[in-house]
Structures are given as structure tokens and as C-alpha cells.
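Given next are the chains, with one letter for each unit.
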Amino acid sequence: MVDISEPKALPEYLAFRGGPFYELQYRLGLLRKNSLHAGRRAALYVALAFVVPFLLALPGSLSVDSTGHRYLSDPGTWARFLFAIAAFVLAEAQVEMGLRDRLLQFQTSRLIAKTSISNAVTAVNRALRRRNSFSAEIACLIIAALFSLAAFTRLHQADVSDWAVTVLPDGKHVTLAGWWTLVFSQPMFVFLLTRGLWRHFVWALLLRRIARLDLRLVSTMARPASVSCRPIRMRICCSSSA
């Protein structure tokens, strides 16, 4: 008997849901299952990563000089803790919806053959498990910690005082603002970066797996035929008018 049942629908792939960090944000009320609240979270993370060190570095952080040793004149703080963190969080919702629609189009356009739908479902489920991977986010945290440790080493190699470290005759001392960036700001920047790269890598693996399935790549061949009929009808009309 021929199976005429409808093929299984592909699972919904939401790139920035799932995983320990997502669940933590959900438990803290920073997002909901139906909304990432990207704007609110971006404002909060920027406040914690950029504004808090600025306040801890007062009153020196209010001054701006050409030597680049003040907080507001340090391009690294602006690039990492303000613009980059805000961009990482704000882009989540748009990237997620874009990838979801691309995956849905594979099935609605019938690009994937019916015989390969079950394999495509398996590939999506595997991608979802990788997206939710606990070990992957632990690896992102480890990488963030290593970058923070490297930043701490660089601070102790400084020759002059700035907002993050004070150089005194008895040694070099990390300021409160410096400690905050080492403990929170720098790890947050690296974690969001590596977490985003991992989830894009998972998407790339999913596309690679789908590309190896049985795909119907000639589904648009009927359109040129309908276009080619127009000049034929025009020639008939001209001949009849003559």
C-alpha cells in the first residue's frame, strides 16, 4: 500500500533559545518563552559591563585626555563593553527569526523530497541538541575566563597608571573598576561572542547535513516555459491583424 500521509513537519529551530544561559535568563525574568526581550537585556548588560566600571572609576573617569589612560578615552571599553555587547544581544531576535524562516522555507517550497523529510527532522533535532549543549556553554565560559586571566596579566605589566590599574612604588594594584571588568565585563563580552559563534556553527552544520539530502532543485523549471509563450502569442496577433 502506498503511504499518502502528509510528511512530518520540521521542528522549529530557534537559534538563541535553549541552553543553560537561556534558562538562567528565563528564571531571572529577563526573557520569556515567546520573547527574547532583546532591548531590555541589551540595556541591562551594557549598564553592568560599561556603566558600572565608569561609576567605580569616578571621579577620574569623567576626565578625557589624549593619552588614552582615562576610561572615556579608552576605545577598548567602548568597543567591547558598549557597542559589541549591545550588538550581540540586539541581533539575537532578528537572526533567530531569519534562520527559522529559512528552515521553514525548505519544507514549504518542497525543496526537500518527501523521502528525505524524516532525515531532515533528525538533522534538525540533532542541531537542537547541539544548541542546548551544556558542555558547549561551559567551554565558552572557560574561554572567557582565559581571556580575563590574560587581561589580568597585561594589567600587571602596565608601566603607567590608568583607570584599571594603579602603578605605585610598592607595586601595581588593580582598581575597583579594573576588577569589575576582569570579573564581569570582559567575561560577558567573550562569552556572548563565543556563544554566538557556536550557535552559528551549529546552523552551518545543519545546512551541511540538509545539503546532503535528496533535494528537489528543479522545482522552478516551469516558469521559463510560461514566459517563452508570450512572443509566440504576439506573433499570432500581428499576423492576424495583417
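Reading the values: rules and limits
Residues numbered from 1 in each chain as written. Predicted model: local features only at pLDDT ≥ 70, side-chain atom pairs only at ≥ 80, totals over all residues. Heavy atoms only, no water. Helix = DSSP H or I, 4+ residues; strand = E, 2+ residues; numbered from the N terminus. Areas by Shrake-Rupley, 256 points an atom, 1.4 Å probe, with all protein chains shown as cover. Phe/Tyr/Trp six-rings, centres within 6.5 Å; stacked < 30°, edge-to-face > 60°. Buried < 20%, exposed > 50% of the residue type's maximum accessible area, 1.4 Å probe, protein only. Pairing = 2+ DSSP bridges. Core = buried A, V, L, I, M, F, W, Y, C linked by side-chain atoms within 4.5 Å. Contact = heavy atoms within 4.5 Å.

Caption draft 1: Layout of the overall build of the protein. Along its length, the protein carries seven helices and two strands. For the protein, the N- to C-terminal ordering of α and β elements is α-α-α-α-α-β-β-α-α. Summed over its atoms, the accessible surface of the protein is roughly 14700 Å², and 65% of this surface lies on carbon and sulfur atoms.

Caption draft 2: How the structure looks around the packing of aromatic side chains. Tallying each qualifying case throughout the model produces eleven aromatic pairs. An angle of 50° between the planes, with centres 6.1 Å apart, marks the rings of Phe54 and Tyr71 as tilted. Of the two residues, Phe54 is situated in helix H2 (residues 38–56) and Tyr71 in the loop between H2 and helix H3 (75–108); the sequence distance between them amounts to 17 residues. Here Phe54 and Tyr71 have matching classes, each one buried. One aromatic cluster is present, built from ring pairs that chain together Phe50, Phe54, Tyr71, Trp78, Phe83 and Trp163.

Caption draft 3: Structural context of the pairing of strand S1 (residues 165–168). With four bridges joining them, S1 and strand S2 (residues 171–174) adopt antiparallel strand pairing. Note on S2: the bridge partner recorded for Val165 is Val174. A loop of two residues connects S1 with S2, the two strands running antiparallel in sequence.

Caption draft 4: Geometry of the nonpolar core. Tyr45, Ile85 and Leu192 are the most contacted members of the largest nonpolar core, which has 32 residues in total. Contributing elements (two or more residues each) for this core: H2, H3, helix H5 (134–155) and helix H6 (176–211). At seven residues, H6 tops the list of elements feeding residues into this core. Beyond its immediate chain neighbours, meaning those up to four positions away, Tyr45 contacts Phe21, Gln25, Leu30, Ile85, Val89 and Met188. Of all hydrophobic cores here, the second largest spans 23 residues; its members include Tyr13, Leu31, Ile112 and Ala120.

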